[in-house]
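Each chain is listed here by its residues.
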Amino acid sequence: MIIILLLLILILAVYALSTSDLLQGIIALSAVSLLSALLFYLLNAPDVAITEAAVGAGVSTVVFVGVIRYTDRKDHSK
Amino acid sequence: MKRPSVTSSAIPLITAMIAVAAVLLPIFLADTPWPVGARDYLQENGFGDSGAINLVSAIYLGYRAFDTLGETIVLLVAVGGTIGILTRSGAILAEGYTNPDTVAGIDSSEEEIPSFSLAREKRKSHALRTHLLEVVTAILGPIVLLFGFYVMLYGHLSPGGGFQGGVVVASGIVFLGLGNRMESSTKLTQAAVLGRIEAAAFLLLILASISGILLGKGFFGNPLSRFTAVPEGFIIMLNAIIGLKVGAGIGFMCIAILGRER
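These numbers were taken from a predicted model, which means no experiment stands behind them.

Caption draft 1: Here's a closer look at the overall build of chain B. Regarding its fold elements, chain B presents nine helices and zero strands. Start at the N end of chain B and walk to the C end: the helices and strands fall as α-α-α-α-α-α-α-α-α. The buried share of chain B, taken over its 262 residues, is 37%. A fraction of 63% describes how many contacts in chain B between residues 6 or more apart in sequence connect residues 24 or more apart.

The structure is reproduced here in structure tokens:
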């Protein structure tokens with residue numbers, strides 16, 4: 001279970017780095033945070049899991065999406 | 001604008017992963033036993049010293065409250081910096097990022113970016129808002145807010161605490177701000193109210209921290225431990241204060257970024 005979660009986190013993180021659509025990257029990052037929260041919970045750290053879920057999957061996604069609204073959705077450097 | 005080939009982008013990625021693995025490998029291979037002195041001491045004395053069953057709360061509000069004060073100051077500086085940048089760059093943001101490839105729906109020629117809580121027909125830019133989002137967040141907002149206060153106030157008994165509860169409260173505030181389909185408005189999404197809550201909570205935190213000095217317990221000492229055997233009241237109070245401060249601060253930041261309420 002933990003190995004599967006870690007592999008999923010790795011795949012999503014690489015996708016978030018390599019995609020040129022920033023909105024999809026943000027959603028991938030949010031999913032990474034959600035899976036990390038699940039991982040922390042399975043590893044008996046519920047305090048960290050609550051923090052990770054609230055900060056990583058909740059607030060930081062809101063901030064990133066809000067910033068994308070003012071800038072551009074595509075990464076033009078690629 | 002040309003996309004690089006797969007191999008040229010994969011080589012630095014694989015190199016970075018191998019480097020990280022080389023750094024982390026000794027940690028997994030080492031068979032040094034973990035130190036147990038602090039753990040045993042906390043299991044024995046943590047509840048009696050601070051009154052918190054959740055030993056994580058006992059550490060960061062009982063033994064290490066000074067670190068928590070530093071964390072709240074870091075958060076204060078981060079929120080202040082974000083608001084400062086947003087204020088200084090307001091003109092640039094309001095002008096809009098003029099790029100022909102911009103996402104459809106964001107009209108960058110509008111001179112005023114709408115406030116966070118306008119009705120649908122009054123909003124000039126709702127590219128990232130849908131009916132689904134508004135309905136769900138309007139219903140979910142108060143529930144998330146209640147759960148945040150639960151996590152905040154029961155931090156000494158169950159997992160959670162001031163910071164975690166505060167962030168959940170901030171999510172609830174953002175939900176309330178996003179989902180106002182019925183034109184209902186709440187004071188909680190106004191920047192001035194949130195700023196005042198944060199400032200008052202920080203003042204209360206400082207007052208609570210020096211209250212231990214007056215009773216001879218030192219900075220951030222638990223003043224209640226002089227009167228009761230299980231002094232959990234101080235941790236509940238600190239959790240509530242820190243939760244209010246974090247929730248107001250992060251909610252303020254999110255609302256400023258999302259809505260630019262002026």
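Having put the structure on the table, let's press on.
Caption draft 2: Looking closely at the packing of aromatic side chains. All names here are of chain B. Scanning the model with the defined rule gives four aromatic pairs over all chains in all. Their ring planes at 75° and their centres at 5.8 Å tell us that F66 and F219 sit as a pair that is edge-to-face. Here F66, found in helix 4 (residues 65–88), pairs with F219, found in the loop between helix 8 (191–214) and helix 9 (233–259); they are 153 residues apart in sequence, far enough to count as distant. The exposure class assigned to F66 is exposed, which follows from its relative accessible area of 54%. Residue classification places F219 among the partly exposed positions, given a relative accessible area of 38%. Every member of this aromatic cluster is reached through a ring pair, and the members are F147, Y150 and Y154.

Caption draft 3: View of the layout of surface pockets. Of the pockets and cavities examined, the largest pocket occupies roughly 710 Å³. Lining the largest pocket we find 30 residues, and of these A57, G58, T61 and V62 of chain A together with F175 of chain B sit closest to its centre. Looking at the lining of the largest pocket, the elements with two or more residues in it are helix 2 (22–42) and helix 3 (46–70) of chain A together with helix 6 (131–153) and helix 7 (162–178) of chain B. At nine residues, helix 3 of chain A tops the list of elements feeding residues into the lining of the largest pocket.

Caption draft 4: Representation of the nonpolar core. Among the nonpolar cores identified, the biggest contains 45 residues, and L205, L238, I250 and C254 of chain B are the most heavily contacted of them. Breaking this core down by element, the ones donating at least two residues are helix 3 of chain A together with helix 3 (55–63), helix 4, helix 6, helix 7, helix 8 and helix 9 of chain B. Sorting elements by how many residues they give to this core places helix 9 of chain B first, with 15 residues. By size, the runner-up hydrophobic cluster in this structure holds five residues, among which are L5, I9, V32 and L39 of chain A.

Caption draft 5: How the structure looks around helix 6 of chain B. End to end, helix 6 of chain B covers 33 Å across 23 residues, agreeing with the expected 33 Å (1.5 Å per residue, within 8%). Among all positions in helix 6 of chain B, only E134, T137, G141, V144, L145, G148, V151 and M152 of chain B are buried.

Caption draft 6: Broad picture of the environment of G155 of chain B. All names here are of chain B. Mapped onto the secondary structure, G155 falls in the loop between helix 6 and helix 7. Separated by 98 residues in sequence, G155 and S57 have C-alpha atoms that sit 6.7 Å apart. Excluding anything up to four places from it in sequence, G155 contacts N54, S57, G160, G161 and N239.

Caption draft 7: Seen up close, the side chain of T61 of chain A. All names here are of chain A. Its location among the elements puts T61 in helix 3. On the basis of relative accessibility, which here comes to 12%, the residue T61 falls in the buried class. Here T61 is in contact with I26, S30 and G56, once residues within four sequence places are set aside.

Caption draft 8: Layout of helix 7 of chain B. When the terminal C-alpha atoms of helix 7 of chain B are compared, their 24 Å separation across 17 residues agrees well with the 24 Å that a helix rising 1.5 Å per residue should span. Of all 17 residues making up helix 7 of chain B, 15 are buried, and the element is well covered by its neighbours.

Caption draft 9: Highlighting the pattern of salt bridges. All names here are of chain B. Evaluated as defined, the whole model comprises three salt bridges over all chains. The partner of R39 in a salt bridge is D40, with the nearest N and O atoms 3.5 Å apart. In this structure, the salt-bridge partner of K245 is E198, at a minimum N-O distance of 3.1 Å. Of this pair, K245 sits in helix 9 while E198 sits in helix 8, and the two are 47 residues apart along the sequence.

Caption draft 10: The arrangement of the packing of helix 4 of chain B against helix 8 of chain B in detail. Residues and elements named next belong to chain B. The geometry of helix 4 relative to helix 8 is characterised by a closest axis approach of 12 Å and an angle of 155° between their N-to-C directions. Overall, the two elements helix 4 and helix 8 adopt an arrangement that is roughly antiparallel. The way helix 4 lies across helix 8 gives a crossing that is left-handed. Facing helix 4, whose interface residues are L69, T72, I73, L76 and V79, helix 8 presents E198, F202, L205 and I206. Within the contact of helix 4 with helix 8, the residues separate by chemical class into seven nonpolar, one polar and one charged.

Caption draft 11: Broad picture of the environment of I83 of chain B. If you trace the backbone, I83 of chain B turns up in helix 4. Residue contacts for I83 of chain B: discarding those within four places in its chain leaves F252, M253 and A256 of chain B.

Caption draft 12: A nonpolar patch on the surface, seen in detail. All names here are of chain B. A cluster of nonpolar side chains, contributed by F47, I53, F147, F149, Y150, L153, Y154, L157, V230 and L244, occupies part of the molecular surface with about 890 Å² of accessible area. Along the chain, F147 falls in helix 6. Judged by its relative accessible area of 44%, F147 is partly exposed.

Here is what the cut-offs are and how they apply
- Residues numbered from 1 in each chain as written.
- Chains lettered and ligands numbered in written order.
- Predicted model: local features only at pLDDT ≥ 70, side-chain atom pairs only at ≥ 80, totals over all residues.
- Heavy atoms only, no water.
- Helix = DSSP H or I, 4+ residues; strand = E, 2+ residues; numbered from the N terminus.
- Buried < 20%, exposed > 50% of the residue type's maximum accessible area, 1.4 Å probe, protein only.
- Contact = heavy atoms within 4.5 Å.
- Phe/Tyr/Trp six-rings, centres within 6.5 Å; stacked < 30°, edge-to-face > 60°.
- 1 Å grid on protein atoms, 1.4 Å probe; cavity = no way out; pocket = protein on both sides within 12 Å on 5 of 7 lines; lining within 4 Å.
- Points joined across faces, edges and corners; volume = space filled by probe spheres on them.
- Core = buried A, V, L, I, M, F, W, Y, C linked by side-chain atoms within 4.5 Å.
- Expected span 1.5 Å × (residues − 1).
- Salt bridge = Lys/Arg side-chain N within 4 Å of Asp/Glu carboxyl O.
- Axes fitted to C-alpha atoms, helices over the stretch in contact; angles between N-to-C directions.
- Parallel < 35°, antiparallel > 145°, perpendicular 65-115°, else oblique.
- Left-handed = near helix turned anticlockwise from the far one by under 90°.
- Nonpolar A, V, L, I, M, F, W, Y, C, P; charged D, E, K, R; others polar.
- Patch = residues over 30% accessible without salt bridge, like charges linked within 9 Å, V, L, I, M, F, W, Y side chains within 5 Å.
- Areas by Shrake-Rupley, 256 points an atom, 1.4 Å probe, with all protein chains shown as cover.

Function cannot be read off these values alone, since they describe shape.
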